[in-house]
Amino acid sequence: MRFFKEAGIDTLSVNIFSWAALQPSEDEYNFTKLDKIMALLKENHMNVILATSTAAHPAWMAKKYPEITRVNFLGIKRKFGGRHNSCPNSPVYRKYSARLAGKIAERYKDYDNIVAWHVSNEFNTGCYCENCERAFREWVKKKYKTLDEVNRVWNTAFWGHTFYDFDEIVVQNNQTECNSPTESEFPGITLDYRRFMDDSMLECYKLEYEAVKKFTPDVPVTTNFMAFFEPLNYQKWARSMDFVSWDSYPTPDEDPANTSMWHDLMRSMKQGDPFLLMEQTPNVQNWQPYNAIKRPGVMRLWSYRAVAHGSDGVCFFQMRRTRGASEKTHGAVIEHAGTDKTRTFREIAELGGELKALGGELLGLRTDARAAIIFDWENWWDFELCSGPSRDPEYKSYPKEVMRWYRAFYERNVNVDIVSPEDDLSSYKLVVAPLLFMLRDGFAEKAEEFVRTGGVFVCSAYTGLVDEHDLAFLGGYPGPLKDLFGVWVEETDVLPPGDTNSFVYKGLTYEASQIYDIMGSHEEDTEVLSEYGSDFYAGKPVLTKHPFGEGAAYYFATRSTPEFYREFIGDLVHECGIRELMPAIGGVEVTCRENETDEYLFILNHNAGEVVLTEGAYGTDLLTGKTVSGSENVTLPGKDVMILKRKK
Amino acid sequence: MRFFKEAGIDTLSVNIFSWAALQPSEDEYNFTKLDKIMALLKENHMNVILATSTAAHPAWMAKKYPEITRVNFLGIKRKFGGRHNSCPNSPVYRKYSARLAGKIAERYKDYDNIVAWHVSNEFNTGCYCENCERAFREWVKKKYKTLDEVNRVWNTAFWGHTFYDFDEIVVQNNQTECNSPTESEFPGITLDYRRFMDDSMLECYKLEYEAVKKFTPDVPVTTNFMAFFEPLNYQKWARSMDFVSWDSYPTPDEDPANTSMWHDLMRSMKQGDPFLLMEQTPNVQNWQPYNAIKRPGVMRLWSYRAVAHGSDGVCFFQMRRTRGASEKTHGAVIEHAGTDKTRTFREIAELGGELKALGGELLGLRTDARAAIIFDWENWWDFELCSGPSRDPEYKSYPKEVMRWYRAFYERNVNVDIVSPEDDLSSYKLVVAPLLFMLRDGFAEKAEEFVRTGGVFVCSAYTGLVDEHDLAFLGGYPGPLKDLFGVWVEETDVLPPGDTNSFVYKGLTYEASQIYDIMGSHEEDTEVLSEYGSDFYAGKPVLTKHPFGEGAAYYFATRSTPEFYREFIGDLVHECGIRELMPAIGGVEVTCRENETDEYLFILNHNAGEVVLTEGAYGTDLLTGKTVSGSENVTLPGKDVMILKRKK
Amino acid sequence: MRFFKEAGIDTLSVNIFSWAALQPSEDEYNFTKLDKIMALLKENHMNVILATSTAAHPAWMAKKYPEITRVNFLGIKRKFGGRHNSCPNSPVYRKYSARLAGKIAERYKDYDNIVAWHVSNEFNTGCYCENCERAFREWVKKKYKTLDEVNRVWNTAFWGHTFYDFDEIVVQNNQTECNSPTESEFPGITLDYRRFMDDSMLECYKLEYEAVKKFTPDVPVTTNFMAFFEPLNYQKWARSMDFVSWDSYPTPDEDPANTSMWHDLMRSMKQGDPFLLMEQTPNVQNWQPYNAIKRPGVMRLWSYRAVAHGSDGVCFFQMRRTRGASEKTHGAVIEHAGTDKTRTFREIAELGGELKALGGELLGLRTDARAAIIFDWENWWDFELCSGPSRDPEYKSYPKEVMRWYRAFYERNVNVDIVSPEDDLSSYKLVVAPLLFMLRDGFAEKAEEFVRTGGVFVCSAYTGLVDEHDLAFLGGYPGPLKDLFGVWVEETDVLPPGDTNSFVYKGLTYEASQIYDIMGSHEEDTEVLSEYGSDFYAGKPVLTKHPFGEGAAYYFATRSTPEFYREFIGDLVHECGIRELMPAIGGVEVTCRENETDEYLFILNHNAGEVVLTEGAYGTDLLTGKTVSGSENVTLPGKDVMILKRKK
């Protein structure tokens, strides 16, 4: 506790993996140790994020109720071990996890220092057991009502997989349609199994949510996300959470834009509400290929980055290094040496001091974003399961295609949201929807409405092939978006790395790479902004603009280099009158948050060396108290941060 | 139907995966939909290749009779999914698949537009279940009669694996002798398991064959092969088929010689009878690393290539793109757009028109090949299972070694057959048997007889190590071929890539690579044509010629570059008086087919650009009607074809 | 037999895989064939190393008692196949294997030509079946007595894995804590499972040991090791063996220092007693990526290398090539050709002649080593299971880190032992303990005592993190060795290949690479010999020397290039007054063995070409009879050997 105070740490997540301790047997609960911890924290005026402890079931439960353990992708029953080891459709698991959450809530409901509930921990991956098989059949029945509809949406006529009874439906693993976790003979069925598994885990979350809300209706509930974690549709989950929190573990050599994109996603999932950086390492990880230490200043820089994108707090994993098991080599605020005389501790304490000095000034700020990128978990699943257009993971990566567009906004210092296709788009002027292979029902109408009322909408190659059942659109791609874009994509070519094409945009030649949509025809009023430069489709459109109502829709038929996206997005941003917060400087990231009266410009220098800021950097730096006018040259040291407050 | 006619398509394969539709439950059959299709086709004067629909069992059958599903290589029981999902030794599968084939034949036997039966589809891979284990024991008992013989041929004394009861014999998978599908502690046992599994699947085919023949004795029966598909000994299968058909899916960047080799194999399996190109994609595939579109002209070029090598037809998969499941992204004659206004459709229609104009002129032609390459499926299996001489897939590839020799014929425009060691060799002047690691019983005598009566016979390194039980020959390699070659191979060296040797042939130095047979001695009358240039075996023979009766036998003790094989085969071809159809031009393929009076020279330009033909290209081009004399220069555009008809 | 005599082979290992032959059914034993072999060998005055035949159980036993077969890492039950196929905790296996060993011993006890027992063969790998699960629980109970202690040492509080009943404990495979054989969520549990599995197999060995000793108390017993074979703690096993023997199968391109290190390990495991080279190939292997032939002279050179490091014999696998199964392509004294007219046979016969001429002169010599390297199997296991500091196999290889230090001794021609942390260190002047991630109980005290009484002790980066339960030491690394080294390692940085640091040692700059311990502080009397040259820890110690009692302890905080280790070990060797046997010559290996009066200098030229020896090479060459004075130049041809005898 002394160390925590010294470090300026005022909030602690506790009770994350204590199920076995709290419930030593089926009928026995034991809160002695947790009682002591809760009392100690209260006594020390610490805020508590209280976990429900259900992310790993006790060994006795696995022994007594083998049904609680999972069956793996190969079809092999697990025994006991690891975490996220419970079948989400096990009645035993559901009963005892919700009961435990309720018991904890009931016991500690009067602690007013509980600032949030942390349900389970890093919800994770699937199960293929008989519980799940039964539950999947129910889920299918509920969703599709009749077997005719099941057979239609899954196109079971292909290869004669027609189901005549719901009980013939099976889990989707290596014993059935899937050669590997990302390959399926029937992507439509496997896609539904992913949805089902995601729903199953979300139901487990909700059972615990309700159990704690019953006793503490006013304490907000969350669970910690893990960036682009594919198995769980976080955008759906966020709707059942009071606030979003996530764990940020970038690789030591990460491209800074990655984590920024994830922060933006976290903020956008609750329509701009602040989120919480629940976990980050103070210094080192233990599961990377090369676990480099965070260089001096980096932990502070990355902490402010979270705030810059919308976090209302900065937490660490772990407080004290565990002595044994897999995370004993993961960094901690208090190392095995047990001392505050470490570089890490000093840096944390300095940050703690700064944040204390800032007080609550940055809490609750919001981000004014007029541009958005659409990211759709279900599209991710389905595109991954699609056989084609390539097996190269670079070509098949939906997140990487999203990053191509995100980077352009990031490098231009433009605030951008990362939204779901189900979100309201009316507040944006510019929306980019990269690689929307699958179009959800109603999305085309939404996009049309957005453009009709003045929006600028952009899509990229391989868009609009299938509906939400993974059934191809008939009548030509991009399916129901054909009218909006005014184009018909006849074929898509895919060439190996190095085998590129080219196009000219505003006088400069750019590389076209990887995949190449080839248009069969386009509307008369579709403007061809650029054409392929070579191959048998030389002269075919590569970038088109289609006026539609008050707005316009752009189709970009291939992939290119960062230079192109930066240039093109720059033009669209100007067209839409969206603000670039500061002129771009390499390695310097800029975001802006605001309240009703003021705005706060966050300037983050990811470079090792100092940079000189010129225009745009004006206001009073909250960290130094100095005021800069924006007309003199201001120096920002390597890895340093500036938070400029100024009137709106 | 309108589209088919427009495209010149006159033959359709139907009913390929309809088992679940045709038999909705154990006692019920429903032909309503197929009746309609058959009537429609008849009405439209379409030929039908009618499939038996047994390549994927219905879901209800897997539910009711779990024994029908396979156990995989790891030993895990499958549930339901995929295709080729039935255990070939399941009594249930055998009963219902044959019954279905019979019912279909009985129902449609009077349709005179059924031009062929298509049994199952792309027969595929193995099973390791208890049905198979029981059947394997029976198979072994039938083959070897006594346990003493079993223990002898499997050399079970090694590692004390002696069997005292047939019931102690087990399937060959990861639960028994096999660390991986291509590694076995007892290759002899695993080899027999491969033979058994191949036989099991062939029996399934035969049951259906008999079932349809009962009703339609005059309709020829086939199933579609897949080039060098290792698990099935197509040469054996072909004997039970009325004609051979196959599915050709080259990678976009394939070496053209590959597909040509496969076409030659297909033709040779029925002693030169025409085969059928059952499937090819009209434009794009969906399961390659990079699914490039077939460039304009390529589909036509590759279609004529099939004809050039012996196909009597050109078919496509798929007619109309399926909306869902794994092949929705695979090319089709009719795309999702549902229009004939596509590049693909236009090219097909043009080809259809050309073929219609050709009429039946090219049907039934034969290829006069005086050279043959021996390819032996069982040798492939056994060499792959052999521990040694290398683990490098390049070194261990039997097909690649065969290609080294095939390419020399291909590049010299020499017709060549790809035959089995069981085939009659008497019509050939030159036979090359690359890498015959395993020699079948009686083959050495056959080879000796071939050479004695004037043939030229060639083998390459690592030949003649084991007999057909994978038992090493005692007395020196190449075992029973020692007399024929007049050499004794004492040791075989294997060196990593880049660590090469050399030899001189006719004044030029060539590289020796990968594996190096070192001869301990050779007969007095064995002529040493070339010697190793370096290492401790410098001066040892690398190429020998042994006169034997009226002919000669050549042993090539290592591997080399294409230049050597081209030169060496050129010399042998001249020695044997075999015709080179036209002087070689890079990227231009030439074959010749003939009937009693005429011959047809197919000239295929695989280059993107045009080539100029000089000598050898004379006759009347069936595609343009023009006559060329062979003395003027003739231009053949890139990807174009010429079929020169002339008197023999 | 004629061939053996011709080859000078006087000792044969027999009966290695004959269980199925010796025991055709549960109640029947049949020694007919073995009787004949034993009589034949006796008659021919051959020595026998008699094997117990238990490394592969009979097929009938697997059929009758399925419990005898193993369950694999995935959790799948095996059927029958391979070798090392018995569950070491199967009561059936233990009963019948010990019984067989006893029966053989009883039957042949009067054969005075049995020179040793060879128990089983190449003991190997694990099992995860229910027998093992039960036995593991017993093992845990016996070791830790109480569940409280179990929960403490395994730190089960982490992720709530607390056990409330011994029956809740499970095997450690992919069904429980292990994602792969080298990754575990609870390394402490998995480490104990490895110890348990090692113990289980050792118990099987001991049961057979006792069974044969009952009848032949004076015949020494061994089993054949396989170099650094990770699953078995050979140092522990050696204590239960009368002498050590091993099988040496270097890759064709091996670094000669490797095999020499293994030979030194074999000698050191029995405190310098001679060992036996039980197996080596006469010419070729069959399971390497590229099975190159041993070049002429290499088999002889490598045979003498074994003797140079402490072997009292040179044996071969296999005598006659088996006709079938996986080793038919492995080299043999007598090849399939069945002749003595092979290069291989000639070389063996020549070596046999030489060894016969040497008589017993070299038998029983010992090695005087004053330097030792500590190698600890349990540390290997635990470091491998550790999540961190890197996933790169190069970074994570404990043997490779040991080799960095060994090579320095090897290249300086210094005799060195490879010892266990449990061995007595008092006879050494210099001990290097590379990468002792785990410190056994009491080891720190032993190391302190060693240094206090004058020894020089060296450790390297990532030392002293955990105790023998894989629990991290609190209070700072290197844990209980902190006092000895006088340093505190605060953090460890790990950077990708190519991202290096540097340091200066004695005026020369060396590269620091891979991992970088960063010291937080050091004692006043700790001498900083070198510092990091760059990065944020530039100036921090990289090499320290701490005087302690009469000796000194060196800590080397990173990894470097061979040049540094050679230089540094050279300095330590001089500091300790340890003899370099001869000045270093590239590719020439020198060792020295001795008896009470004489010493024998072995000089081995691994180069292809000749070398000229100058100083140090004096004495009488036992192989040529020539005497050299050490002052003239002596030429040693490529791949040749010299054994110089001289007075001590």
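Higher on the page you've got the structure.
In this text, all values refer to a predicted model and were calculated from it rather than measured experimentally.

Peer 1: Could you clarify how one ought to interpret the relation of the copies chain C and chain A in this entry?
Peer 2: Superposing chain C onto chain A takes a rotation of 120° combined with a translation of 0.0 Å along the rotation axis, leaving an RMSD of 0.0 Å. Viewed as a symmetry operation, the transformation between the two copies matches a three-fold axis. The position closest to the rotation axis in chain C is occupied by the C-alpha of Ile76(C), lying 4.7 Å away. Of the residues that chain C buries at the interface, just 3% are likewise interface residues in chain A, meaning the two copies contact each other through different surfaces.

Peer 1: Sorry, what's going on with the interface of chain A and chain B here?
Peer 2: One frequent convention defines the size of an interface as the accessible area lost when the parts assemble. On the chain B side, the residues contacting the 59 residues of chain A number 47 residues. Both sides of the chain A and chain B interface together cover about 4300 Å² of buried area, and 54% of this is carbon and sulfur. The largest per-residue losses of area from chain A upon contact with chain B belong to Trp159(A), Tyr164(A) and Gln175(A), which jointly make up 16% of the total buried on that side. Arg295(B) serves as the salt-bridge partner of Asp535(A), at 2.7 Å between the closest nitrogen and oxygen. Residue composition of the side of chain A that touches chain B, grouped by class: 31 nonpolar, 14 polar and 14 charged.

Peer 1: For this particular structure, what's the right way to read the state of the cysteines?
Peer 2: By definition, a disulfide links two cysteine residues through a covalent bond between their sulfur atoms. A complete count under the given rule lists zero disulfides over all chains for this structure. Looking at Cys592(B), it has no disulfide partner, and the nearest cysteine sulfur is the one in Cys576(B), 19 Å off.

Peer 1: Before we go on, may I ask you to explain the interface of chain C and chain A in this structure?
Peer 2: Taken together, the contact pairs 59 residues of chain C with 47 residues of chain A. Carbon and sulfur atoms make up 55% of the area that chain C and chain A hide from each other, which totals about 4300 Å². Sorting the residues of chain C by area buried against chain A places Trp159(C), Tyr164(C) and Gln175(C) first, and these three jointly supply 16% of that buried surface. Applying the counting criterion to the chain C and chain A interface returns six salt bridges. Among the secondary structure elements, those contributing two or more residues to the side of chain C that touches chain A are α6 (130-144) and β15 (487-494) of chain C. Broken down by element, the side of chain C that touches chain A gets its largest block of residues, six residues, from β15(C). Per-class residue counts for the side of chain C that touches chain A are 31 nonpolar, 14 polar and 14 charged.

Peer 1: Would you explain helix α5 (residues 91-108) of chain B in this entry?
Peer 2: A turn of α-helix holds 3.6 residues, and therefore any two residues three or four places apart point the same way. Given a rise of 1.5 Å per residue, 18 residues ought to cover 26 Å, and the 26 Å separating the end C-alpha atoms of α5(B) matches this to within 8%. When α5(B) is considered as a whole, its buried residues turn out to be Val92(B), Tyr93(B), Arg94(B), Tyr96(B), Ser97(B), Ala98(B), Leu100(B), Ala101(B), Gly102(B), Ile104(B), Ala105(B) and Tyr108(B).

Peer 1: How do you make sense of the sheet that holds strand β20 (residues 541-548) of chain C when you look at a structure like this?
Peer 2: Strands pair in a sheet through their backbones, by hydrogen bonds, and they do so in one of two ways: parallel or antiparallel. All names here are of chain C. Across the sheet, seven strands lie side by side as β12-β11-β13-β14-β21-β20-β19; this open sheet has mixed pairing. Either end of the sheet is taken by a strand with one partner, and the two such strands are β12 (416-419) and β19 (527-531). Taken pair by pair, the neighbouring strands of this sheet meet at an average axis angle of 15°, ignoring direction. Alignment of strand β14 (residues 456-460) against strand β21 (residues 551-556), held across five bridges, turns out to be parallel. Residue pairing in the sheet places Cys-459 in a bridge with Tyr-555 of β21. Its contacts with the sheet place helix α15 (residues 398-411) against β11 (371-374), β12, β13 (430-433), β14 and β21, and it is angled at close to 170° to β11. Contacts from helix α16 (residues 443-452) reach β11, β13, β14, β20 and β21 within the one sheet, and its direction differs from that of β14 by about 135°.

What counts as what
- Per chain, residue numbering runs from 1 following the sequence as it is written.
- For this description, chains carry letters from A and ligands carry numbers from 1, given in the order in which they are written.
- Per-residue local features of the predicted model are confined to residues with pLDDT of at least 70, and side-chain atom pairs are confined, for both listing and counting, to 80 or more; whole-chain, interface and lining totals are unaffected and use all residues.
- In computing side-chain properties, one takes all heavy atoms of the structure into account and sets aside hydrogens as well as water.
- To line up the copies, we fit them by least squares on C-alpha atoms, keeping just the residues with pLDDT of at least 70 in both.
- Contacts are residue-level and defined by heavy atoms, with any inter-residue pair within 4.5 Å sufficient.
- Throughout, buried area stands for the accessible area (probe radius 1.4 Å) lost by two parts on being put together, summed over both.
- Salt bridge criterion: a side-chain nitrogen from Lys or Arg within 4 Å of a carboxyl oxygen from Asp or Glu.
- For this classification, Asp, Glu, Lys and Arg are treated as charged, while Ala, Val, Leu, Ile, Met, Phe, Trp, Tyr, Cys and Pro are nonpolar and the rest, including Gly, are polar.
- Throughout, a disulfide means two cysteine sulfur atoms within 2.5 Å of one another.
- The way it works is that DSSP assigns letters per residue, a run of H or I at least four long becomes a helix, a run of E at least two long becomes a strand, and they are numbered from the N terminus.
- Multiplying one less than the number of residues by 1.5 Å gives the expected span of a helix.
- Accessibility here uses a 1.4 Å probe with only protein chains present; expressed as a share of the type maximum, an area under 20% marks a residue as buried, one over 50% as exposed, and anything in between as partly exposed.
- By definition, two strands form a pair when at least two bridges between them are found by DSSP.
- Note on method: axes are straight lines fitted to C-alpha atoms, helices fitted across the in-contact stretch only, with angles between N-to-C directions ranging 0 to 180 degrees.

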